[in-house]
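# Descriptive structure summary
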Amino acid sequence: MWRRVAPARAVAALALASLVCGAQAAEGLLDFSTEERQAIAAHGPWPPPAAIDPSNRRQRDANAVALGRRLFFDPGLSASGQVSCASCHVPARAFQDGRPVAVGQGPGVRNTPGLMDVAGQRWFGWGGSADSLWAASLRALRDPAEMGGDEAALQRRLAREPALAAVPEGDARLVAAAKALAAFQARLVSPRTAFDDFRDALFRGDDAAAARYPLPAQRGLRLFVGRGRCHLCHVGPRFSHGEFADIGVPFFVPGGVDPGRHAGLQEVRGSRFNRLGPFADDGGASGVATRHLRSEHRHFGEFRVPGLRNLRQTAPYFHAGSAATLTEVVRHYSTLDPDRLHADGERILVPLQLRDDEVADLVAFLETLSS
Ligand code: HEC
Ligand code: HEC
């Protein structure tokens, strides 16, 4: 059972729970401090309330969901007639493709993100080149690297869709299709996990139930919210604060560099399909963050902080798929070279120099974030 509790009450309930339990934890449960319990509670509850996007009036419309589902699996939308969204965003793989980088992409090659829980994000794509789920979907429809970018063929296919026949041809029809695709993707919410049961049990002071969570995962979680400082970026129910950071993953690609957030920011600001543009259904009201974007040098080589649910289904990891396993990811944080980070960038990251058993504990914890 999980409850939705307002933050102030949550803290009070936690304080109470830790008073009742004292420092004496049940057998099989680490003696988590009040601070640790609070940090852990910040990663729930799950599932979160449905994400609402005021810039997409049809986000929760059942007809739009049905249309979006049809379009998502339709290879007729691609220039070649061979590729659908689901070719790369494969449902059985948490809506990604298991490849280091997507097939058919030019320079700037990137890993295909999974789409579970995608609607909860603030920015879309590794560089944040879109500020809404519908704009990201529209981008995919038009991108030569994704669906092929043959706009005339795309318009012809959309014209045959009865639900879109009444919508004026051109951008308006493309946007209507993208908003339907968004409505479908907004329904992709991942199931509860062993971590969620633990978090809720700890939260309500049921230490006996919490003790069922394996000890290696508990130790890994303690590192995650403690010495590892992972939760400074990977926080909240989705395990991401939604913004961008440089963690020293190489961003050289064949023929140049992937500028990451720097290019994404330019693109989203310049796009007529952003939240400030004429196609947003709320007249720009939800575009405050987009309006305030400012380009800074530190954005070079920054990538979006990914959420950490479903990791068991979404290897390989990082923006160019450079880590094959979670152990490799954790070793990256253990041994990272501070000189590789921007001078004016992160002050959070230091090489953690973890022992092998600590690496294993962190991996055990990360694995409990998948169902
Ligand atoms: C050829 C493989 C491929 C195809 C086909 C494809 N995508 Fe993608 N998709 C990607 C890659 C790679 C990215 C990351 C792009 C980036 O970071 O710039 C991505 C990113 C996205 C995102 C942003 C996800 C996030 O976590 O921010 C959404 C949403 C998305 N695609 C939806 C779609 C839809 C809808 C379609 C069909 C119209 C589609 N994609 C077709 C490979 C693909
Ligand atoms: C300064 C912010 C920050 C901190 C602190 C941080 N991360 Fe990350 N994490 C990121 C960013 C940014 C990426 C994506 C980097 C890239 O692909 O270039 C990432 C990627 C990951 C991934 C890969 C996810 C995927 O789908 O590809 C995992 C797993 C992960 N981090 C776990 C951790 C763990 C465990 C810790 C603590 C030891 C940690 N992170 C600390 C920002 C951070």
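Refer to the preceding data block for the structure.
In this report, the structure presented in the accompanying data block is examined. For clarity, every value in this text was computed on a predicted model and none was experimentally measured. (Residues numbered from 1 in each chain as written. Chains lettered and ligands numbered in written order. Predicted model: local features only at pLDDT ≥ 70, side-chain atom pairs only at ≥ 80, totals over all residues. Heavy atoms only, no water.)

### Thoughts on the coordination of the iron atom of ligand 2
Octahedral six-donor coordination of a metal ideally yields angles of 90 or 180 degrees, compared with 109.5 degrees for tetrahedral four-donor coordination. Coordination of the iron atom of ligand 2 by the protein is provided by H234 (NE2) and Y333 (OH), with metal-donor distances spanning 1.9 to 2.1 Å. Classification of the site at the iron atom of ligand 2 as octahedral follows from its 6 donor atoms and the range of 87 to 179 degrees in their angles at the metal. With H234 in the loop between α10 (215-224) and β1 (244-245) and Y333 in helix α13 (residues 326-335), this pair connects stretches of sequence that are 99 residues apart. (Donors = N, O, S within 2.8 Å, 3.2 Å for Na, K, Ca; no water. Tetrahedral: all angles 85-135°; square planar, octahedral: opposite > 155°, others 65-115°. Helix = DSSP H or I, 4+ residues; strand = E, 2+ residues; numbered from the N terminus.)

### Some remarks on the site of ligand 2
Taken together, the neighbourhood of ligand 2 is formed by 25 residues, with C230, C233, H234, H319 and Y333 sitting nearest. A distance of 2.8 Å is found between an oxygen atom of ligand 2 and a backbone nitrogen or oxygen belonging to F318. Looking at which element gives the most residues to the shell around ligand 2, the answer is α13, with 3 residues. Looking at the shell around ligand 2 residue by residue, the class counts come to 19 nonpolar, 3 polar and 3 charged. (Near = heavy atom within 4 Å. Polar contact = N/O pair within 3.5 Å; in protein donor to acceptor, adjacent residues only side chain to side chain. Nonpolar A, V, L, I, M, F, W, Y, C, P; charged D, E, K, R; others polar.)

### A short note on the site of ligand 1
The local shell around ligand 1 holds 28 residues, among which C85, C88, H89, G125 and R304 are the closest. A distance of 3.0 Å is found between a nitrogen atom of ligand 1 and a side-chain nitrogen or oxygen belonging to E146. Secondary structure elements with two or more residues in the shell around ligand 1: α4 (85-88) and α5 (133-142). The dominant element in the shell around ligand 1, judged by the number of residues it contributes, is α5, at 6 residues. A breakdown of the residues in the shell around ligand 1 according to their chemical character gives 15 nonpolar, 9 polar and 4 charged.

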